[in-house]
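Per-entry structural report
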Amino acid sequence: MPMKRGLSSPYLFLMITMLLWGSAFSSSKSVVEHVPHTVAALLRFAGAAVALLVAVSLFGGRRPDAPWRSGGRAAMAGILGVFAYNGAFFWGLSLAPSLDAGILIPVMSPVLTSLFLLITGRERASGARLAGLGLGLTGAVLFFLGAGGSTHGSGTRLAGDALFLLSAVCWAAYTLAGPKVLAGTDPLRATAYATCAGAVLLGLVATPDLPDVRWGELPPGVWLNAAYLALCATAVANLLYYRGVRAVGPASASLMMFTVPVVNTVCATLFLGETFGTLQAVGALVLLSGAVLAATQGRLPRRAPTSVPPAGDPAAHTDADAAGKDSSRP
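In this text, all values refer to a predicted model and were calculated from it rather than measured experimentally. Per chain, residues are indexed from 1 in the order of the written sequence. Thresholds applied to this predicted model are a pLDDT of at least 70 for local features of residues and 80 or more for the giving and counting of side-chain atom pairs; totals over whole chains, interfaces and linings are not thresholded and use all residues. Only hydrogens and water are set aside; all other atoms, that is, all heavy atoms of the structure, feed into the side-chain values.

**Some details on the overall build of the protein**
If you tally the helices and strands in the protein, you get 12 helices and zero strands. Helices and strands in the protein line up, N terminus first, as α-α-α-α-α-α-α-α-α-α-α-α. Considering the protein as a whole, with its 330 residues, one finds that 53% of them fall into the buried category. Only heavy atoms enter the contact rule, under which two residues are in contact if any of them lie within 4.5 Å. Here the analysis covers contacts within the protein between residues at least 6 apart in sequence; of these, 86% occur between residues at least 24 apart. Here the open area of atoms and residues is found with the Shrake-Rupley method and a 1.4 Å probe, where only the protein chains shown may cover a residue. Summed over its atoms, the accessible surface of the protein is roughly 13,900 Å², and 68% of this surface lies on carbon and sulfur atoms. Strands here mean DSSP runs of E at least two residues long; helices mean DSSP runs of H or I at least four residues long; both are numbered from the N terminus. Note on exposure labels: buried denotes an accessible area under 20% of the residue type's maximum, exposed denotes more than 50%, and partly exposed covers the range between, all computed with a 1.4 Å probe on protein chains only.

Laid out in structure tokens, this is it:
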């Protein structure tokens, strides 16, 4: 069947998604600069939860035979994939530039996932994959050395980068567990349920910080960024990615995930004035090259019919596709 082109092309949906996800890092940083990181995470995912529930009512597929059981599995996934992941992510943004987050999280996640699968014997250790993992880990070391030791680095930035790495670990763990946790659940519905569960927990953590926020004094830009993150970078991006992956498969879509660091770098440098040190820039390039090699093993993916995973943010499908598996992203 010929691929649709123009406004209905799945690759257009995917490219818009990458632009939304890539810009979300600097947009999140803008919110964190004015409110506590716990409140920033709540603003994004409380709004996204409402928007996704509306999307489920309009576009959701067939309800599962055991909705309480399916909802419970999705809620458990939300603890790791939304609450833990974003708790570390927004905390890291309060300490380090969004530029670092946009490199470490979407690029280290597939490296960590592939590494775990190789260690546990669930994937074969091909030469190309081992070379990619070696490059990726080398690039990560260089990146962290640059964060702590260059003229652009500091101890605070290094701590933030460590939290971004923790986010990548959370996402890799969620990706490995996701297919079993969300088996048999409509992807969009599972995404909404997981987001709601994560938003509730983020709300509990943010509660002590809410009275300290001077809501009436927040600049309009904070509200605009929060709305953009909730509606565009989360809810709309999920829907577009859902449609794109359904059409081309997760393997082909995974290659487009590597445009996220590029989009983020442009946004962070243009809008926030963030910069890399030389050593960090070299580490980022090495890390990205290794992740691409590990994900593709030197070959372009072939389109194959697979179950459609739910969409999510930049670390989502890169992980599972690098490992040759399906994933579920809240």
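**Some thoughts on the pattern of salt bridges**
Just to be clear on terms, a salt bridge is a Lys or Arg side-chain nitrogen sitting within 4 Å of an Asp or Glu carboxyl oxygen. What the rule picks out here adds up to two salt bridges. Here aspartate 100 and arginine 157 are joined by a salt bridge, their closest N and O atoms 2.7 Å apart. One end of the pair, aspartate 100, is in helix H4 (residues 98-119); the other, arginine 157, is in helix H6 (residues 155-181), and 57 residues separate them in sequence. Arginine 157 sits in the buried class, given a relative accessible area of 5%.

**Section: the packing of aromatic side chains**
Centre distance within 6.5 Å is the pairing criterion for rings of Phe, Tyr and Trp, where only the six-membered ring of Trp is used; planes under 30 degrees apart are then read as stacked, over 60 as edge-to-face, and the remainder as tilted. Going through the model one piece at a time under the given rule, you end up with six aromatic pairs. Look at tyrosine 85 and phenylalanine 89: their rings are 6.4 Å apart centre to centre, the planes differ by 15 degrees, and that puts the pair in the stacked class. Placement of both tyrosine 85 and phenylalanine 89 in helix H3 (residues 67-93) is noted, with a separation of four residues, approximately one turn of the helix. On the basis of relative accessible area, phenylalanine 89 is assigned to the buried category, the value being 3%. Ring geometry for phenylalanine 89 versus phenylalanine 164: centroids 6.4 Å apart, planes at 45 degrees, classification tilted. Here phenylalanine 89, found in helix H3, pairs with phenylalanine 164, found in helix H6; they are 75 residues apart in sequence, far enough to count as distant. Each member of the pair, phenylalanine 89 as well as phenylalanine 164, carries the same accessibility label: buried. Three or more aromatic residues link up through ring pairs in this structure, and these residues are Phe25, Tyr85, Phe89, Phe90, Phe164 and Trp171.

**Some points on helix H10 (residues 260-271)**
Here the expected length of a helix is defined as 1.5 Å per residue gap, with one fewer gap than residues. Taking 1.5 Å of rise per residue, 12 residues should cover 16 Å, and H10 covers 16 Å from first to last C-alpha, within 8% of that figure. By the burial criterion, the buried members of H10 are Val260, Pro261, Val263, Asn264, Cys267 and Ala268. Buried residues of H10 fall within an arc of 160 degrees about the axis and therefore sit on the same side. Residue glycine 273 follows H10 closely and has a positive phi angle near 70 degrees. Directions pointing from the helix axis toward each C-beta atom define the arc.

**A look at the nonpolar core**
Phe89, Phe90 and Phe164 are the most contacted members of the largest nonpolar core, which totals 63 residues. Counting residues per element, this core draws most heavily on H4, which supplies nine residues. The contact partners of phenylalanine 164, leaving out residues within four places of it in the chain, are Phe89, Gly92, Leu93, Ala96, Pro97, Asp100, Ala101, Leu104 and Ile105. Counting six residues, the second-largest nonpolar core is a separate cluster that includes Val56, Leu188, Ala192 and Ala235. As used in this record, nonpolar core signifies buried Ala, Val, Leu, Ile, Met, Phe, Trp, Tyr and Cys residues forming a set joined through side-chain atoms within 4.5 Å.

**Here we look at a nonpolar patch on the surface**
Like charges are joined within 9 Å and nonpolar side chains (Val, Leu, Ile, Met, Phe, Trp, Tyr) within 5 Å, but only among residues with over 30% relative accessible area and no salt bridge; these make up the patches. Residues Val50, Val54, Leu58 and Phe59 make up a contiguous nonpolar surface patch of about 420 Å² in total accessible area. For phenylalanine 59, the position within the fold is in helix H2 (residues 37-59). With relative accessibility at 54%, the residue phenylalanine 59 sits in the exposed group.

**Observations concerning the confidence of the model for the protein**
Scored by pLDDT, the protein comes out at a mean of 80, with 77% of its residues at no less than 70. Of all the helices and strands in the protein, helix H12 (residues 316-322) carries the lowest mean pLDDT, 42, while helix H1 (residues 10-32) carries the highest, 92. Across residues 304-312, confidence stays below pLDDT 50; counting only partners more than four residues off in sequence or on other chains, it has 31 contacts. Residue-level confidence of the predictor, termed pLDDT, takes values from 0 up to 100. A low-confidence stretch, residues 314-330 (pLDDT under 50), is modelled with 86 contacts involving residues beyond four sequence positions or located in other chains.

**Let's talk about the packing of H1 against H4**
For any two helices packed against each other, one specifies the crossing angle of their axes together with the interaxial distance. Working convention: axes come from line fits to C-alpha atoms, limited for helices to the stretch in contact. Angles between N-to-C directions cover 0 to 180 degrees. Put simply, H1 and H4 touch, their axes get as near as 9 Å, and they point 135 degrees apart. In terms of orientation, H1 and H4 fall into the oblique class. Between H1 and H4 lies a crossing of right-handed hand. Contact residues: H1 offers Phe25, Ser26 and Lys29, while H4 offers Ser98, Ala101, Gly102, Ile105 and Pro106. Residues that form the contact of H1 with H4 fall into these classes: four nonpolar, three polar and one charged. Orientation categories follow fixed angle ranges, with anything under 35 degrees roughly parallel, anything over 145 roughly antiparallel, 65 to 115 roughly perpendicular, and all other angles oblique. What makes a crossing left-handed is the near helix being turned counterclockwise from the far one by less than a right angle; a clockwise turn instead makes it right-handed. Residues are grouped as follows: Ala, Val, Leu, Ile, Met, Phe, Trp, Tyr, Cys and Pro are nonpolar; Asp, Glu, Lys and Arg are charged; every other residue, Gly included, is polar.

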